[in-house]
Each structure stands twice: as C-alpha cells, then as structure tokens.
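Geometric and topological summary
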Amino acid sequence: MFEYGKIAVVLVVTFGVAVIGIALIRRFWSFRQGVDGGDGVRKMQTTPVLRVGGLPLFVCFLTSYLFSIFASSGQQAPMLGTAFLVLGSVMFLLGFCDDLFHLPAKVKLFVQIMVGVAAYSAGMRIECVSNPFGDGSFELGGFSLILTMAWFVALPNLINLIDGMDGLAGGISLFLCATLAALGMLTGNMGLMILCVGLVGGLTGFLVFNLPPAKIYMGDGGAYLLGFVIAASSLISSNKGAIFGALLVVVIALGFPILDTVLAITRRALAGLPLMAPDARHLHHRLITLGFSKRTILLVLYGVVSGLSLLGLSVFISQGYMLPIAGMVGIIAVFGILRLVGLPHTIRDARRLAREIISLRKEIRYAYALSQVLAHELDRVDSPERYWTLFRDSMAKVAIFPRECSEHSPGPELLGHCLISHRISEGREWQVLCLKATSESRQWERVVRCFLPALMDGIAKWGDSPPHLGISEEPVDEESIHVTAAASSAHHQVSRLRRESDAELELEFGEVVDG
C-alpha cells in the first residue's frame, strides 16, 4: 500500500508550486496580453485581473506526472504514458494561446478533435459500454472513435463554460480530481491516484488566489488542461470493464455543470444565438441576482458537487445497485434548482417560456447582429461622438431608446412601454425604454442584453460615460423596473395612444426626450 506520508508530500509540494508560481506571476507579469478587464455583463471586476493562472497549474501537472511515474513503477495497472503528458501539454498550450491572442473558435475545435483522435490512438478510448448492474458489456465498434472524440471535446469546454464566477471552476475541478484519486485507489492505479492528488494540492493553492474577490483566473489554458486530465483519467482504469463505471462517476459528479450547460445551449438555441456565445444567465448568475453572496453560492455549489461525487463513487463501489437512488436524487435536485432560480419547472411553464422567447427570436438575432457590427465599428471610428451615434441608431432599429428623464417620475407617455434597467457598475445603472414591449416585457431584457458588450467596450475605450444614453448615477427604484407591471390599470387609459402609427409614437417619444 502506498504510504500516506508520500501522499502528503505530493500535496505539500504541488500546493507550494502553485502558491509560489502565482505569486511570481502577479509580481513580474508585465505583458498587456493575458489581462482580463470587466465588461459589466459577465465580468464585474472593477480592476483588471490576470487570466494566466493556468501556467502554474500546468507546472503542478508536470510535477504530479513525475510523481506518478515513480509511484507506477513495478505495478500491473496501466501507467500514465507519454501520450498523456504530450496531449495534456497540447491542450494547455491551446488554451494559453487563446488567453493571450484570442484564437478563432474553429481553430480550437479542430485542435480538440485532433487531441481526441490522438488519445484514441494511444489507447485512451471508450470501447465498450459495460452493464453497471453486473457482468457483460456491449462493444461499440465504429462508434468508439466518435464517442471518444466527443468526450475529449466536451469535458474541456464544460470546465471552461463554468469558469464564470470566482472560485467555481477551480473548486469543482478540485472535487473531481479528489474523486478520480479515490477511483485510482479503488482500482489499484497508484499512478492515477498520485497524479490527481497532486492536482488537488495545486488547485488548493490556486484557490487561495481565486476565491472571491479573485486575484487571478485560470483562463482557457487551465480549464482545457483540467478538462483533459479529467477526461483522460476517467478512461484509465485497471480493466476495460471498469471504464463505463468510471465514466458514470464523472458524469454524476458533473451533474450541476452539465445541467447548467444544457440550459445554456437550449436558451441560446431558442433565441437564435450562437451556442457558444457568452452571456450572464448561467445558474450562478441567477443566484447572484437573487441576492446570494458569491461565497454563499460557492459553499452551496461545493456541497452539491461533493455530494454528487460521493454518490457517483457509491454507484461504482456498489457495482450499479445505487444507480436508481442516484437517478432519483438527480431528478429531485434538478427540479429543486429550477424552482430556486426561478426557471420553469413544469411542462406548462416551460412551453410558455419557449413561446415567449421564440416570439422575439427575430428581434434577438437582429440585436445580436447589430452588436457584432458595433464591435467592428469600435476599431474603425475615430471619435466617441461618432461611435455613440452609431450605438443609438443601432438600438433604435429595434425600437429601444435611452431613458433620458431618469430623474423624474415616469409620465403617462411612458406607461405603455417597458422600462428596463441594468446595473453596469457600483451605483450606476443603464435605463432604456422598449417601445414594442407588451406582454413579453421580461423577454425584452434578452434584446437589451445584446447591446451591453458594445456599451461596456465603448466605455472602456473612451474612458468616460457616454452622454444621453440613459446611464444614471442613482439606482432606479425596484418598483419601476417594469412600468407596465407597476401601472397596469393606467394601460387601459393609454391603449388608444398605442394604436397610433409607429411614426406618431416615435415623435411623441422624441418630444419627451427633448423636454
């Protein structure tokens, strides 16, 4: 049996490597690349933060790999071969280059697919689906390569997608590495166990600087490296029959990130947006809007992931007999989370929400396309006045106008429309009016959010608040977020005005603004 003292040595060494490495990077990093500024949408930090935390994690990976080689000598379990080290390094370099130079999505996807093919050729593959309840398995044949590639593409991107809040991706990866270390011990693979234990130590040191408020991010380099290690480690076992069980453990432990990713993909597909387009509507973002602090959210999510990890290990140890219980717990947890964050948790509510989003699909896609044009215009225009004129004109194309009378109470001219407010920084809110919004007022927030990156990028470039764009220094009363909801009785009095032509409505709104 491997001595526990040596495990402690690995933990201490990799912890020290991570802490010292991050301290040196923060002290001596002087490049413009690899620095992440806030955008007011997903990244709310007020000062730039380094996103090259994957570099010390990669050094921890190399250190852990060396320890694992010595631990694997003389045992019958599969060793972590050179392919494991080389492909892990390729994934890290891919993500690290993206952190520095923003690689195209197609290039990243191509490299990830090639890594999956290389891993398949090196023996890290899903060849059969074993029966979790007993003996027997089903050979996959030609589908083995497809599933293996999908596995090695999905896991790194999954870790990258959940890296949207301080300490979240690092903490979840830590619990997954601890779970895989326990799996290595259960299957007698000491090399796998030592590698994952070393990464646990490195991630613990990383979290010292990554917990809220974060002083460094792992970036795509760290996320891709950890995703590859998790994907490859789950395929390295003492025998073929245990591979499906190991995959099942990882899938159960990743239950929360998988649910979040499925919801994000469904949401973007219904709205007609690119599936990989970033937004601020993930589950942890919703918990923040409900008033929970980041530390509280992290503690809750850490508890969920640790519980799911233990549940996955119990399924593996019981040879599948705990699988029905795990399934029941998963179903209850999904409905509980959906109810907590205010998402539809019944078929009726889900269909209603889907109809509302689809009804605004054209407006959302048009607004997103306009925001992409503004992103290009930002590099072309030579004055802030020109850019903000283009910004206002782009919003006007979807009948969205800044509210320039924020210091006054909303008059009867505004009661037929939707007032949407978005917090862009401490004490500052962006307020706009949607002239077309009626019963789908809540969904018009999705249209407005499309312009937020263009707004924040413009502020970041020109260095001051743009005039006449509805930016208020004082927070708006919560009751006036949706005027239509607060004054529903007055809507009947102005219904005649809403039947006027679009030209008359725009003229009327212009008079309010000029006044």
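Sequence positions are assigned chain by chain, starting from 1 and proceeding in written order. Side-chain atom pairs in this predicted model are given and counted only at pLDDT of 80 or more, local residue features only at pLDDT of at least 70, and totals for whole chains, interfaces and linings cover all residues. Only heavy atoms go into the side-chain values, all of them from the structure, while hydrogens and water stay out.

Here's the deal with the overall build of the protein
Strands here mean DSSP runs of E at least two residues long; helices mean DSSP runs of H or I at least four residues long; both are numbered from the N terminus. Check the secondary structure of the protein and you find 22 helices and eight strands. In this description, contact between two residues means that some pair of their heavy atoms is separated by no more than 4.5 Å. Long-range pairs, those at least 24 residues apart, make up 74% of the contacts in the protein with a sequence separation of at least 6.

Quick notes on the environment of leucine 313
Position of leucine 313 relative to the elements: it lies in helix α12 (residues 294-317). As a C-alpha pair, leucine 313 and leucine 248 span 65 residues in sequence and 9.0 Å in three-dimensional space. Each residue touching leucine 313, except ones within four places of it in the same chain, is listed here: Thr179, Ala182, Leu183, Leu186 and Val249.

Here we look at the pairing of strand β6 (residues 418-425)
Burial analysis of β6 places six of its eight residues in the buried class, the great majority of the element. Bridge count for β6 against strand β7 (residues 428-434) is seven bridges, and the pairing is antiparallel. Across the sheet, the residue bridging to cysteine 418 is cysteine 434, located in β7. Residue burial is assigned from relative accessible area. The probe radius is 1.4 Å, only protein chains are included, and a residue is buried under 20% of its type maximum, exposed over 50%, and partly exposed in between. Whether two strands pair comes down to DSSP finding at least two bridges between them.

Overview of the packing of aromatic side chains
Note on ring pairs: Phe, Tyr and Trp rings are taken, using the six-membered ring of Trp, and paired if centres are within 6.5 Å. Classes follow the plane angle, with under 30 degrees stacked, over 60 edge-to-face and the rest tilted. Tallied over the full model, the rule gives twelve aromatic pairs. Here the aromatic rings of phenylalanine 152 and phenylalanine 228 are separated by 5.6 Å at their centres, their planes lie at 40°, and the arrangement is tilted. Taken as a pair, phenylalanine 152 in helix α5 (residues 143-161) and phenylalanine 228 in helix α8 (residues 219-233) lie far apart in primary sequence, 76 residues in all. The exposure class of phenylalanine 152 is buried, given its relative accessible area of 1%. Here, a charge over a ring is recorded when the distance from Lys NZ or Arg CZ to the ring centre is within 6 Å and its angle to the ring normal is within 35 degrees. A cation sits over an aromatic face here: arginine 125 above tyrosine 120, 4.2 Å from the ring centre.

So, the layout of surface pockets
Of the two site types, the cavity is a set of points on a 1 Å grid over the protein atoms alone where a 1.4 Å probe fits but cannot get out, and the pocket is an open set with protein on both sides within 12 Å along at least five of seven lines, each lined by residues with an atom within 4 Å of a point. Grid points are joined across faces, edges and corners, and a volume is the space filled by probe spheres set on the points. In this structure, the second largest pocket spans a volume of roughly 560 Å³. Along the walls of the second largest pocket sit 23 residues, with Leu263, Leu343, Pro344, Ala350 and Leu353 positioned nearest its centre. Of all the elements in the fold, those that place two or more residues in the lining of the second largest pocket are α10 (255-271) and α14 (347-359). In terms of residues, the lining of the second largest pocket owes the most to one element, α14, which gives seven residues. Just so you know the grouping, Ala, Val, Leu, Ile, Met, Phe, Trp, Tyr, Cys and Pro go in nonpolar, Asp, Glu, Lys and Arg go in charged, and all remaining residues, Gly too, go in polar. Across the lining of the second largest pocket, the residue classes break down as eleven nonpolar, four polar and eight charged.

Considering the state of the cysteines
Cysteine sulfur pairs qualify as disulfides if the two atoms are within 2.5 Å. One pass over the structure, following the stated rule, counts zero disulfides. The thiol of cysteine 196 is unpaired, and the distance to the nearest cysteine sulfur, on cysteine 177, comes to 5.5 Å.

Digging into the packing of helix α2 (residues 54-72) against helix α7 (residues 190-210)
Lines fitted to the C-alpha atoms define the axes, with helices restricted to the stretch that makes contact. Angles between their N-to-C directions range from 0 to 180 degrees. The interhelical angle for the contact between α2 and α7, taken along N-to-C directions, is 155°, at an axis separation of 8 Å. It follows from the interaxial angle that α2 and α7 lie roughly antiparallel. The chirality of how α2 crosses α7 is right-handed. Contact with α2, carried on its side by Leu57, Cys60, Phe61, Ser64, Tyr65, Phe67, Ser68, Ala71 and Ser72, involves Met190, Gly191, Ile194, Leu195, Gly198, Leu199, Gly202, Leu203 and Phe206 of α7 and no other residues of that element. Among the residues forming the contact of α2 with α7, the class breakdown is twelve nonpolar, six polar and no charged. Between 65 and 115 degrees an angle is taken as roughly perpendicular, under 35 as roughly parallel, over 145 as roughly antiparallel, and anywhere else as oblique. Crossing handedness is read from the near helix: turned anticlockwise from the far helix by less than a right angle, it gives a left-handed crossing, and turned clockwise, a right-handed one.

A short note on helix α13 (residues 323-340)
In a regular helix each residue adds 1.5 Å, so 18 residues correspond to 26 Å; α13 covers 25 Å between its end C-alpha atoms and thus fits that length. Turning to α13, its buried residues are Ala326, Ile337 and Leu338. Take α13 and look down its axis: the buried residues cluster within an arc of 95°, on one side only. Exposed side of α13, more than 90 degrees from the buried face: Pro324, Ile332 and Arg339 are the residues found there. Among the residues trailing α13, glycine 342 stands out with phi positive, at a value near 85°. Here the expected span of a helix is defined as 1.5 Å times the quantity of residues minus one. Throughout, the arc means the angular range of directions from the helix axis out to the C-beta atoms.

Comments concerning the environment of valine 129
Turning to its location among the elements, valine 129 is positioned in strand β3 (residues 128-130). Using a relative accessible area of 29% as the deciding quantity, one classes valine 129 as partly exposed. As a C-alpha pair, valine 129 and leucine 247 span 118 residues in sequence and 9.9 Å in three-dimensional space.

A word on the nonpolar core
To qualify as a nonpolar core, a set must consist of buried Ala, Val, Leu, Ile, Met, Phe, Trp, Tyr and Cys residues joined through side-chain atoms within 4.5 Å. Within the largest apolar cluster, 87 residues are counted, with the highest numbers of intra-cluster contacts made by Phe61, Phe84, Met124, Trp151, Phe152 and Phe228. Ranked by residues supplied to this core, first place goes to α7 with 13 residues. The next biggest cluster of nonpolar side chains, apart from the first, holds 35 residues, and it includes Ile400, Cys418, Ile424 and Met456.

Examining the confidence of the model for the protein
Taken over all residues, the pLDDT of the protein has a mean of 81, while the share at 70 or more is 80%. A low-confidence stretch, residues 405-415 (pLDDT under 50), is modelled with 19 contacts involving residues beyond four sequence positions or located in other chains. Under a pLDDT of 50 for its full length, residues 475-515 has, in the predicted model, 45 contacts with residues more than four places off or in other chains. The pLDDT value expresses, per residue, how confident the predictor is, ranging between 0 and 100.

Topic: the pattern of salt bridges
By salt bridge we mean one thing: a side-chain nitrogen of Lys or Arg within 4 Å of a carboxyl oxygen of Asp or Glu. One pass over the full model with this rule turns up six salt bridges. Across the salt bridge formed by aspartate 98 and lysine 108, the nearest N and O atoms sit 3.2 Å from each other. On the criterion of sequence distance, the pair formed by aspartate 98 in helix α3 (residues 82-101) and lysine 108 in helix α4 (residues 105-121) is long-range, its members being ten residues apart. Taking the relative accessible area as the measure of exposure, lysine 108 reaches 15% and is therefore buried. Here arginine 125 ties to glutamate 127 by a salt bridge, and the two come within 3.2 Å at their closest N and O atoms.

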